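Single-letter residue listing:
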Amino acid sequence: MIRFYFHPTPNPAKISLFLEEAGLPYEVIPVDTKKGQQHDPAFRQVNPNGKVPAIVDTDGPGGQPAAVFDSTAILMYLAEKTGRYQGQPKDRPELLSWLLFLATGLGPFSGQAVHFQHAAPAGLDYAVNRYRREAERHYQVLEDRLAGRQFLVGEEYTIADMSAWGWLDRAHMVMKGAADPLGAYPNIKRWFHAIDARPAVARARKVGTNIEFKRDNDEEAQRALFPSNFPPAA
């Protein structure tokens, strides 16, 4: 059984997709980040970094429970556990390269673009421009990669596609103000719609919809999400 620590944001969405594609049994454990539950000591035992997603595999290596955090690490762990969605052995170098490109490039820069365009105080024009342009640059890298290709790596659907889908699903947030967020990236758009049409995606989108998460972006939420913006408690 996989205990899946979840909040409805892009990185957990990747894990929802893998679990649904692979048909693995799992239990959703909500972590309401706007209430600060990611900082609870019990969750920090699972992920010392206090971020979602994280999992505990109750049947890990040697039959012992195994905690795994960071969406890329979880995808790699689950792919190795199941022997699925890893591509062919010859694809391994490219798979690792694209997974790390997504983990260190597309994801973080997309996240910062969303933050500075939607959540940060007004007047931070340099930061808004910096992260929006870098997100666009990462999109262009993917656009060029997907020219004439069905999948990111090799000839098969892999965890690289799942990882990219998680953030590209939020293109409307990253590309704020664009009437067609993927319009400038026809190869990504074609690829995204093909992935998005998979039956497992529809199931992944339903994960956690029966859970009531905090929606208000009030001071409690701001302190929970961005604690470094506030002075430490006396």
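Conventions and cut-offs
Residues numbered from 1 in each chain as written. Predicted model: local features only at pLDDT ≥ 70, side-chain atom pairs only at ≥ 80, totals over all residues. Heavy atoms only, no water. Helix = DSSP H or I, 4+ residues; strand = E, 2+ residues; numbered from the N terminus. Contact = heavy atoms within 4.5 Å. Areas by Shrake-Rupley, 256 points an atom, 1.4 Å probe, with all protein chains shown as cover. Lys, Arg positive; Asp, Glu negative; His and termini not counted. Charge placed at Lys NZ, Arg CZ, Asp CG, Glu CD. UniProt positions renumbered as here; feature names shortened; annotations may be inferred. Buried < 20%, exposed > 50% of the residue type's maximum accessible area, 1.4 Å probe, protein only. Pairing = 2+ DSSP bridges. Phe/Tyr/Trp six-rings, centres within 6.5 Å; stacked < 30°, edge-to-face > 60°. Domains from an automatic or database assignment. Buried area = accessible area lost by both parts, 1.4 Å probe. Salt bridge = Lys/Arg side-chain N within 4 Å of Asp/Glu carboxyl O. Polar contact = N/O pair within 3.5 Å; in protein donor to acceptor, adjacent residues only side chain to side chain.

Tell me about the overall build of the protein, and please be specific about residues and values.
Each helix and strand counted, the protein has ten helices and four strands in total. Reading the helices (α) and strands (β) of the protein from amino to carboxyl end gives β-α-β-α-β-β-α-α-α-α-α-α-α-α. The C-alpha extent of the protein, read off along each of the three principal axes, is 55 × 45 × 30 Å. The long-range fraction of contacts in the protein, counting pairs at least 24 apart against all pairs at least 6 apart in sequence, stands at 66%. Of the roughly 11,800 Å² of accessible surface on the protein, a fraction of 53% belongs to carbon and sulfur atoms. Side-chain charges of the protein comprise 27 positive and 27 negative groups, with the mean position of each set lying 2 Å from the other.

Describe the UniProt feature "domain: GST C-terminal" (unreviewed entry) in the protein, and please don't skip the residues or the numbers.
UniProt feature "domain: GST C-terminal" (unreviewed entry): in the numbering of this structure it lies at residues 88-225. End-to-end, the C-alpha atoms of residues 88-225 are 39 Å apart, and along that stretch the chain is 64% helix and 0% strand.

Describe the pairing of strand S4 (residues 66-69), naming the residues involved and giving the relevant values.
Burial along S4 is one-sided: Ala66 and Val68 are buried, while Ala67 and Phe69, pointing the other way, are not. In terms of strand pairing, strand S3 (residues 54-57) meets S4 through four bridges, oriented antiparallel. Bridge pairing links Val56 to Ala67 in S4.

I'd love a proper account of the packing of aromatic side chains, names of residues and values included.
All told, the structure shown has eleven aromatic pairs when counted by the stated rule. Taken together, a centroid distance of 6.2 Å and an interplanar angle of 70° make the contact between Phe4 and Tyr26 edge-to-face. Here the residue Phe4 occupies a position in strand S1 (residues 2-6), and Tyr26 occupies one in strand S2 (residues 26-30), the gap between them amounting to 22 residues. Judged by its relative accessible area of 0%, Phe4 is buried. By relative accessible area, which is 22% here, Tyr26 ends up partly exposed. Note on Phe18 and Tyr85: the rings are 5.5 Å apart at their centroids and 80° apart in plane angle, and the pair reads as edge-to-face. In this pair, Phe18 is assigned in helix H1 (residues 10-22) and Tyr85 in the loop between helix H3 (71-82) and helix H4 (92-118), connecting sequence segments 67 residues apart. You can call Phe18 buried: its relative accessible area is 0%. With relative accessibility at 13%, the residue Tyr85 sits in the buried group.

Pulling in residues and values, what's your account of the pairing of S3?
Side chains of S3 alternate between two faces, with Ala54 and Val56 and Ile55 and Asp57 buried alike. Here S1 pairs with S3 via four bridges, running antiparallel. Looking across to S3, one finds that Tyr5 is bridged to Ala54.

Residue-level account of the domain arrangement of the protein, with values.
Entries for the protein in the domain assignment read domain 1 (2-84 + 204-229) and domain 2 (89-197). Both faces combined, the contact of domain 1 with domain 2 buries some 1,500 Å², and carbon together with sulfur accounts for 66% of it. If you sort the residues of domain 1 by the area they bury against domain 2, Pro10, Lys14 and Arg205 come out on top, with a joint share of 34%. At the junction of domain 1 and domain 2, the tally comes to three salt bridges. Here Glu80 and Arg92 are joined by a salt bridge, their closest N and O atoms 3.5 Å apart. Where domain 1 packs against domain 2, one counts five residue pairs in polar contact (both at pLDDT 80 or more). Among the elements that make up the side of domain 1 that touches domain 2, the one with the highest residue count is H1 (seven residues).

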